[in-house]
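Below are the chains, spelled out letter by letter.
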Amino acid sequence: FSLDQSLETLENALERKAEALRIRIESIGITKIGTIEVQLIDHALLRTERAFDILSRQVEDRFSAAGQSVNAGYAALEALSPLGILKRGYAALTDADGTLIRSTDQLSPGDLIRARLTDGNARLSVEDTGPLP
């Protein structure tokens, strides 16, 4: 449900309840309503409007919180995704067979390898391998 659908559903429910009360009053046959009855009805309507306002704010708050949660989850997934990692400046290296290169032990001088970057591929030639400085 969207926020608008939830508020519409709530409003329809309140309208149905008000209509049911109107029908009930008519069925009782009250033709004259005194001041006290009018005050009671006004008070009931005011309470109903307040309840509607409170429920509307609660629905909005829940949808807002859910949206923030979804956005945070999306950001976390994006950061951990392979493409997200490439966007941060890393590359995925593969040999001629497409095997992922994880170590310099897999390389020899003269090997042709492919680097997968965020916006495409590059062919590279290995000149030398060695330990980290």
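A quick note: this is a predicted structure, and the numbers were derived from the prediction, not measured.

### Focus on the overall build of the chain
Part 1: When you go through the chain residue by residue, the secondary structure sums to three helices and three strands.
Part 2: In the chain, the succession of α and β elements from N to C terminus is α-α-α-β-β-β.
Part 3: In terms of C-alpha radius of gyration, the chain reaches 34 Å, well past the compact-globule figure of 14 Å for 133 residues.
Part 4: Summarising its shape, the C-alpha atoms of the chain cover approximately 100 × 30 × 20 Å along the three principal directions.
Part 5: Classification of the 133 residues of the chain by burial places 9% in the buried group.
Part 6: When contacts within the chain are restricted to residue pairs at least 6 apart in sequence, those whose partners lie at least 24 apart make up 36%.
Part 7: Of the roughly 11,000 Å² that the chain leaves accessible, carbon and sulfur atoms contribute 57%.
Part 8: Charged side chains in the chain number 15 positive and 20 negative. The centres of these two groups are separated by 7 Å.

### Thoughts on a negative patch on the surface
Part 1: Side chains of Asp-4, Glu-8, Glu-11 and Glu-15 sit close together on the surface and give a patch of like negative charge.
Part 2: Relative to the assigned elements, Asp-4 resides in helix H1 (residues 3–28).

### Comments concerning the pattern of salt bridges
Part 1: Taken as a whole, this structure holds one salt bridge when the rule is applied.
Part 2: We note a salt bridge from Lys-87 to Glu-78, for which the minimum N-O separation is 3.1 Å.

### A few points about the pairing of strand E2 (residues 112–117)
Part 1: Pairing between strand E1 (residues 92–94) and E2: three bridges, direction antiparallel. Looking at E2, one finds that Thr-94 is bridged to Arg-114.
Part 2: In the sheet, E2 pairs with strand E3 (residues 120–125) via six bridges, with the strands oriented antiparallel. Its bridge partner being in E3, Ala-115 is matched across the sheet by Ala-122.
Part 3: Connecting E2 to the next strand, E3, in antiparallel fashion are two residues.

### Observations concerning the environment of Ile-101
Part 1: Inspection of the secondary structure assignment puts Ile-101 in the loop between E1 and E2.
Part 2: Taking C-alpha positions, Ile-101 is 72 Å from Glu-19, a pair spaced 82 residues apart along the chain.
Part 3: Leave out the neighbours within four places in its chain, and Ile-101 touches Leu-93, Thr-94, Asp-95, Gln-106, Leu-107 and Ile-113.

### Quick word on the sheet that holds E1
Part 1: Judged by pairing direction, the sheet is antiparallel, and its three strands sit side by side in the order E1-E2-E3 without closing on themselves. The open sheet has two edge strands, E1 and E3, and neither has a second partner. Neighbour to neighbour, the strand axes of the sheet diverge by 25° on average, direction disregarded.

Criteria and cut-off values
- Residues numbered from 1 in each chain as written.
- Predicted model: local features only at pLDDT ≥ 70, side-chain atom pairs only at ≥ 80, totals over all residues.
- Heavy atoms only, no water.
- Helix = DSSP H or I, 4+ residues; strand = E, 2+ residues; numbered from the N terminus.
- Rg over C-alpha atoms; globule rule 2.2 N^0.38 Å.
- Buried < 20%, exposed > 50% of the residue type's maximum accessible area, 1.4 Å probe, protein only.
- Contact = heavy atoms within 4.5 Å.
- Areas by Shrake-Rupley, 256 points an atom, 1.4 Å probe, with all protein chains shown as cover.
- Lys, Arg positive; Asp, Glu negative; His and termini not counted.
- Charge placed at Lys NZ, Arg CZ, Asp CG, Glu CD.
- Patch = residues over 30% accessible without salt bridge, like charges linked within 9 Å, V, L, I, M, F, W, Y side chains within 5 Å.
- Salt bridge = Lys/Arg side-chain N within 4 Å of Asp/Glu carboxyl O.
- Pairing = 2+ DSSP bridges.
- Axes fitted to C-alpha atoms, helices over the stretch in contact; angles between N-to-C directions.

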